[in-house]
Amino acid sequence: MLSDNFGRFHTYLRISLTDACNMRCNYCMPLNSYKGNQGIDLMSSDEIYSLANTFVLLGVTKIRLTGGEPLLRNDFADILRKLKSLPVTLAISTNGLLLDKYFDVIRECKVKQVNVSLDTLDPDTFKEITRSGRLAKIISNINTLLSFDLQVKINLVLLKNVNEHDVIDLIAWTKDKALDIRFIEFMPFKRNGWDKSKVLDYKTVLTNIHQHFDIVKLKDEPHSTSRNYQVKGYKGSFGFITTVSEPFCDTCNRLRLTADGKMRNCLFAKSETDLLNPLRQGQDIVPLILQNIKAKAKALGGMTELNNQGDRSMIQIGG
Ligand code: SAM
Ligand code: SF4
């Protein structure tokens, strides 16, 4: 039922649990000081479950919890335990700082995939990007995660003249670690300081990688948003999310729910549908969901080129 006007069937829901964060990555956090959860009415754990359940009944098979920083929610374990009862693959996106607090519940709820943001291995660059400084703890948490029975992905946002050298260092990590690394092109969102000149495009990075490693192209999964590669003989792999230089919208199967219960059919959608208040008023939200999907644009939320004029920052949408 979750198909749009272009025949794309949506099975993947990303739920933002909060727009607050304990880091302040300069490519994500709006330029002026930003305090999350100010003036927004967060979905409760029961409401998250109820909305998720409706999406599952309509065909969603994978749910990712994101934010802001999802692990900042005091009821994170409660939310995860509720969602565990649904027939879905559970995934989490996190900056990794609080992961050690939730290792037990992540295993108990059989989370299949944890994506951790890690934009550099250099402590000074880490401080510059995230405006906080607990790199060692994040690396330690990633190493612990790798001993669990789940897929670990690392997300690195490519920033020109900032973390180019980290690409090579992180690929070297994949020699012995079963990690998937995603190099993400810097995307424009409300007040995130984006400028085309700061975008490090994947072709430039790939050319550099070729000079250091003997790599092979991997087969990309049907709904994959990344172009995937592996160094010959290495345990892990890496890929590029090329939203800016070569968008990949044709096979998009993703839907999003913001922390205040607004449904968005694209990261770059120009409008959103409130599901939380209708849910609270006892209305049937299924027609609202279907209407929202039918309004999905073919690509980039209807833009022909990415620009900087979104109505929400990444932290308010949920990455
Ligand atoms: N706090 C968690 C984290 O950092 O993984 C989850 C939320 S974060 C918004 C989700 C992902 O969005 C992260 O991997 C982050 O690097 C990515 N992201 C944020 N702003 C971005 C931007 N302007 N361009 C590309 N990726 C971005
Ligand atoms: Fe926080 Fe994640 Fe955004 Fe960094 S990328 S500011 S960790 S929400």
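Our subject is the structure listed above.
Scope of this entry: the structure provided in the associated data block. Bear in mind the structure is a predicted one, so any value in this text is a computation, not a measurement.

1. Observations regarding the packing of aromatic side chains
Tallying each qualifying case throughout the model produces ten aromatic pairs. Where Tyr202 meets Phe240, the ring centres are 5.5 Å apart and the plane angle is 50°; that geometry is what we call tilted. A residue pair is termed long-range when its members are at least 10 positions apart, and Tyr202 in helix H7 (residues 202-212) and Phe240 in strand E9 (residues 237-241) qualify at 38 residues. Look at Tyr202 and you get buried, because its relative accessible area is 7%. On the accessibility criterion, Phe240 (0% relative accessible area) is buried. Grouped by ring-pair contacts, the aromatic residues Phe183, Tyr202, Tyr229, Phe238 and Phe240 constitute a single cluster. We note Lys177 situated over the ring of Trp173; from NZ or CZ to the ring centre the distance is 5.1 Å. It is Lys217 that lies over the ring of Tyr229; its NZ or CZ is 5.1 Å from the centre.

2. A look at the packing of helix H1 (residues 45-58) against helix H2 (residues 76-84)
At their nearest, the axes of H1 and H2 sit 9 Å apart, and the two run at 25° to each other. Judged by the angle between their axes, H1 and H2 are roughly parallel. Of the two elements, H1 crosses H2, and the hand of that crossing is right-handed. Every residue of H2 that contacts H1 at Ser45, Asp46, Ile48, Tyr49 and Ala52 is listed here: Asp78, Ile79, Lys82 and Leu83. Tallied by class, residues from the contact of H1 with H2 come to five nonpolar, one polar and three charged.

3. Focus on the state of the cysteines
Applying the stated rule across the entire model yields zero disulfides. There is no disulfide at Cys266, and the cysteine sulfur nearest it, in Cys249, is 6.1 Å away.

4. Structural notes on the environment of Thr242
By the secondary structure assignment, Thr242 is in the loop between E9 and strand E10 (254-257). Taking C-alpha positions, Thr242 is 21 Å from Phe6, a pair spaced 236 residues apart along the chain. In this structure Thr242 touches Glu185, Tyr202, Arg227, Pro247 and Phe248, once residues within four positions along its chain are discounted. In terms of polar contacts, Thr242 uses its side chain to reach the backbone carbonyl oxygen of Glu246, at 2.7 Å.

5. Structural notes on the nonpolar core
Counting residues in each nonpolar core, the largest one holds 102 residues, and the members touching the most others are Ile15, Ile63, Leu80, Ile209 and Phe238. Top contributing element to this core by residue count: H1, with six residues. Once you skip the residues sitting within four places of it in the chain, Leu80 turns out to touch Leu65, Leu90, Ile92, Val105, Ile106, Cys109 and Val111.

6. So, the pattern of salt bridges
Applying the stated criterion across every chain, the model contains 14 salt bridges. Put simply, Asp75 and Arg73 hold a salt bridge, and the shortest N to O gap is 2.8 Å. Overall, Asp75 belongs to the partly exposed group, its relative accessible area being 22%. Linked by salt bridges that have partners in common, Asp41, Glu47 and Arg280 make up one network.

7. Overview of the packing of helix H6 (residues 164-173) against H7
The geometry of H6 relative to H7 is characterised by a closest axis approach of 10 Å and an angle of 50° between their N-to-C directions. The orientation of H6 with respect to H7, classified from their angle, is oblique. Seen from above, H6 lies across H7 with right-handed handedness. Contacts between H6 and H7 pair Val167, Ile168 and Ile171 from the former with Val205, Asn208, Ile209 and His212 from the latter.

8. Some remarks on helix H5 (residues 135-145)
Turning to H5, its buried residues are Leu135, Ile138, Ile139, Asn141, Ile142 and Leu145. Buried residues along H5 cover an arc of 160° about the axis, so they all sit on one side. As for H5, its buried residues are in contact with helix H3 (103-108), strand E4 (113-117), helix H4 (123-130), strand E5 (151-158), H6 and strand E6 (179-185).

9. Notes on the site of ligand 2
Around ligand 2 lies a shell formed by Cys21, Met23, Cys25, Tyr27, Cys28, Gly68, Asn95 and Ile315. Residues belonging to the shell around ligand 2 are distributed by class as follows: six nonpolar, two polar and no charged.

About the criteria used
- Residues numbered from 1 in each chain as written.
- Chains lettered and ligands numbered in written order.
- Predicted model: local features only at pLDDT ≥ 70, side-chain atom pairs only at ≥ 80, totals over all residues.
- Heavy atoms only, no water.
- Phe/Tyr/Trp six-rings, centres within 6.5 Å; stacked < 30°, edge-to-face > 60°.
- Helix = DSSP H or I, 4+ residues; strand = E, 2+ residues; numbered from the N terminus.
- Buried < 20%, exposed > 50% of the residue type's maximum accessible area, 1.4 Å probe, protein only.
- Lys NZ or Arg CZ within 6 Å of the ring centre and 35° of its normal.
- Axes fitted to C-alpha atoms, helices over the stretch in contact; angles between N-to-C directions.
- Parallel < 35°, antiparallel > 145°, perpendicular 65-115°, else oblique.
- Left-handed = near helix turned anticlockwise from the far one by under 90°.
- Contact = heavy atoms within 4.5 Å.
- Nonpolar A, V, L, I, M, F, W, Y, C, P; charged D, E, K, R; others polar.
- Disulfide = S-S within 2.5 Å.
- Polar contact = N/O pair within 3.5 Å; in protein donor to acceptor, adjacent residues only side chain to side chain.
- Core = buried A, V, L, I, M, F, W, Y, C linked by side-chain atoms within 4.5 Å.
- Salt bridge = Lys/Arg side-chain N within 4 Å of Asp/Glu carboxyl O.
- Arc of directions from axis to C-beta.
- Near = heavy atom within 4 Å.

By themselves these figures say nothing about function.
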